[in-house]
Amino acid sequence: MNLLRAAATVSGLTLLSRITGLVRENLTAAIFGASAFTDAFFVAFRLPNLLRRMFAEGAFSQAFVPILGEAKARADSAASAAAGGDAGVQAEQARLEMRRFVDRVASALFWTLVLVSAAGVAAAPLLVTAMASGLRAQPEVFATAVTMTRWMFPYILFVSMVALAAGILNTWKRFAIPAFTPVLLNLCFIGAALGLSSRFDPPIYALAAGVVIGGIAQLAIQLPALARIGVLPRIGSPFAAFADPGTRRVLRQMGPALLAVSVAQISLIINTHIASRLGAGSVSWVSYGDRLMEFPTALLGVALGTVLLPSLSRAGSLGDDAEYRALLDWGLRLCVVLALPCTVGLALMAEPLTALLFHYGRFDANDVAMTRMAVAAYSVGLLGLIAVKVLAPGFYAKQDLRTPVKIALFVLVVTQLLNLVTVPWLRHAGLALSISVGALANAALLLAGLWRRGAWRPLPGWPRFLLATVAASAAMAVALGFFVPGVDWIGLQARPLARIALVLGTVAVAGLLYLAVLAAFGMRPAQFLRRSRD
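Criteria and thresholds
- Residues numbered from 1 in each chain as written.
- Predicted model: local features only at pLDDT ≥ 70, side-chain atom pairs only at ≥ 80, totals over all residues.
- Heavy atoms only, no water.
- Helix = DSSP H or I, 4+ residues; strand = E, 2+ residues; numbered from the N terminus.
- Contact = heavy atoms within 4.5 Å.
- Disulfide = S-S within 2.5 Å.
- Phe/Tyr/Trp six-rings, centres within 6.5 Å; stacked < 30°, edge-to-face > 60°.
- Buried < 20%, exposed > 50% of the residue type's maximum accessible area, 1.4 Å probe, protein only.
- Lys NZ or Arg CZ within 6 Å of the ring centre and 35° of its normal.
- Core = buried A, V, L, I, M, F, W, Y, C linked by side-chain atoms within 4.5 Å.
- Expected span 1.5 Å × (residues − 1).
- Axes fitted to C-alpha atoms, helices over the stretch in contact; angles between N-to-C directions.
- Parallel < 35°, antiparallel > 145°, perpendicular 65-115°, else oblique.
- Left-handed = near helix turned anticlockwise from the far one by under 90°.
- Nonpolar A, V, L, I, M, F, W, Y, C, P; charged D, E, K, R; others polar.

Trainee: Residue-level account of the environment of Ser-133, with values.
Mentor: Inspection of the secondary structure assignment puts Ser-133 in the loop between α5 (124-131) and α6 (139-152). Between the C-alpha atoms of Ser-133 and Arg-277, which are 144 residues apart in sequence, the distance is 8.1 Å. Discounting chain neighbours no more than four positions away, the residues touching Ser-133 are Val-128, His-273, Ser-276 and Arg-277.

This is the structure:
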């Protein structure tokens, strides 16, 4: 399998997802602005989203995919060795064991999340208070947040089953459908904002309805893809599911993974709580800034992590240490060559990008300035945020989830200590800066851990590679630093087409300059081609 092509496929579909996500945020900003009610929506959506990251894309995927990869490798090996007779029987047994494992894990996940969703609906007032007690100062806003939380909490059930399906499809090297599914959520979100806001009072309820519809749509598109590869899970008894040794193994692995992901989400809860006390709009400014930061993070980091984890898991299960190190080295080089220019671009183009995407309708010049500060602060840690997506699978593939937990705990402490300094100084942007510094610390510690155990060693060519990428990024920074401050990006609101052309043209020229400098140093795309051995 061509890893660069697979990563490009995932990245391309993720790009589509992020474009539709930015359209969704643009509409949210234009229709609803950055108000107390949008704060209420972001708080309400953050609760099921938090659990999604913990149960689904976080702890569950990290524990499930490597173990499923082992089961699939055994089944594939048995099938390859089968030449009839006992070997054929053994191959069929290995396949059935793998199917039984998927069914039991799916059943355990389904019934657990039914209970979690019911508990979340019942405890919505307490959860909103814990997440953003500052909303209690406005009873109507608090009540709206509670209602939207109750509407959206079942979203975790749908999206967690989507994560299960994505883990299976990615293990089978079917990356396209899982990468495309977030587009459906964004389209449902957009459709609800445009078509349903006039039917609700307050109109913000339309966004909550869009989230629920999107969760159902995401799950629906995965089921035919699972059926085509013959691994459509069957939901059975929860008692049989939890008694299964394979399920128990996943649960044991989920323990430390859940703690690691929980640490990140605890930090998010604390930051949301702090933002809710910094004044109306603060939660929204941080959320809009986070959306811009997530664009390159998902486009690069998620794509690399998605492609690397199954291949790393296979190399780890087969004891192929050379392949394992080479895969990590390839991922890190792609991370550096793509993340450095994004860091420079996000930092120096924070205002034009924010203005282009959000400066419409009720989103005014002050909102642009406040969001720009959050974007610039987030850019500091972009390389770390993307690198973690490459480095963490290096531990997960070896089924070592305890080391990332220890690192995450340390990073949580560092982040919150930094908040004591940065928030009084930079207000909401201080929260983003603390997250950025924590992300850099996380990536550095993960890299050091892989180095100590010999899981990664730099292959030849790193000094020249780093010199080229730093020089190209510096050239881009000089060009953007000279041009961007000279344009009145806010004033161009009256000429939206001119602003679109100017922002996109600036991005294109900066990107071409970066590539030209890389080419001058002799760097070519073919250097990043790589095939996995499966």
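Trainee: Break down the state of the cysteines for me, citing the residues and quoting the values.
Mentor: Taken as a whole, this structure holds zero disulfides when the rule is applied. Cysteine Cys-335 shares no disulfide, and the gap to the nearest cysteine sulfur, in Cys-342, comes to 10.0 Å.

Trainee: Describe the packing of aromatic side chains, naming the residues involved and giving the relevant values.
Mentor: Working definition: an aromatic ring pair is given by the centre-to-centre distance plus the angle between the planes. This structure, assessed with the given rule, holds 14 aromatic pairs. Centroid distance Phe-41 to Phe-189: 5.7 Å. Interplanar angle 80°. Geometry classified as edge-to-face. Highlighted residues: Phe-41 in helix α2 (residues 36-56) and Phe-189 in helix α8 (residues 176-195), separated in sequence by 148 residues. We note that Phe-41, like Phe-189, is buried. Between the aromatic rings of Phe-358 and Phe-363, the centroid separation amounts to 5.7 Å while the plane-to-plane angle is 45°, which identifies the pairing as tilted. A connected cluster of aromatic rings, assembled from ring pairs, spans Phe-41, Phe-42, Phe-45, Tyr-155, Phe-189, Tyr-288, Phe-358 and Phe-363. For Arg-24, the ring lying beneath its charged end belongs to Phe-189, and the centroid distance is 4.4 Å. A cation sits over an aromatic face here: Arg-457 above Trp-451, 4.0 Å from the ring centre.

Trainee: Help me get a handle on the environment of Leu-232, residues and values and all.
Mentor: Relative to the helices and strands, Leu-232 is located in the loop between α9 (205-228) and α10 (238-243). Here Leu-232 falls in the partly exposed class, since its relative accessible area comes to 34%. Note: C-alpha distance between Leu-232 and Ala-165 (67 residues apart in sequence) is 8.4 Å. For Leu-232, the residues in contact, after removing those within four places along its chain, are Arg-99, Asp-103, Leu-223, Leu-226 and Ala-227.

Trainee: Residues and numbers for the nonpolar core, please.
Mentor: Ranked by size, the top nonpolar core spans 138 residues in total, and within it Phe-41, Met-148, Leu-164 and Ile-168 carry the most contacts. It is helix α13 (residues 321-348) that provides the largest number of residues to this core, a total of 13 residues. Excluding its chain neighbours within four sequence positions, the residues that come into contact with Leu-164 are Phe-60, Phe-64, Val-105, Ala-106, Leu-109 and Pro-233.

Trainee: Can you lay out unusual backbone geometry for me, pointing to particular residues and giving the numbers?
Mentor: Phi is positive for Arg-427, close to 60°, though the residue is something other than glycine. When you line up the elements, Arg-427 lands in the loop between α17 (402-426) and α18 (428-452). A residue is classified by how much of its surface remains accessible, and Arg-427, at 45% relative accessible area, is partly exposed.

Trainee: How would you explain α6 if you had to name every residue and give the values?
Mentor: In this model, α6 (14 residues) spans 20 Å end to end at C-alpha, consistent with the 20 Å of a helix rising 1.5 Å per residue. Within the span of α6, buried status applies to Val-141, Phe-142, Thr-144, Ala-145, Val-146, Met-148, Thr-149 and Met-152.

Trainee: Break down helix α20 (residues 496-520) for me, citing the residues and quoting the values.
Mentor: Because each turn of an α-helix spans 3.6 residues, side chains separated by three or four positions in sequence point in the same direction. In this model, α20 (25 residues) spans 36 Å end to end at C-alpha, consistent with the 36 Å of a helix rising 1.5 Å per residue. On its buried side, α20 packs onto α13, α14 (350-358) and α19 (462-483). Backbone geometry just after α20 places Gly-522 at a positive phi near 90°.

Trainee: Break down the packing of α5 against α6 for me, citing the residues and quoting the values.
Mentor: Remark: α5 packs on α6, axes separated minimally by 9 Å, with the N-to-C direction vectors making an angle of 120°. Between α5 and α6, the interaxial angle falls into the category oblique. Viewed along their axes, α5 and α6 form a crossing whose handedness is right-handed. Here Ala-124, Pro-125, Val-128 and Thr-129 of α5 come into contact with α6, specifically with Phe-142, Ala-145, Val-146, Thr-149 and Arg-150. Grouping the amino acids of the contact of α5 with α6 by side-chain chemistry returns six nonpolar, two polar and one charged.

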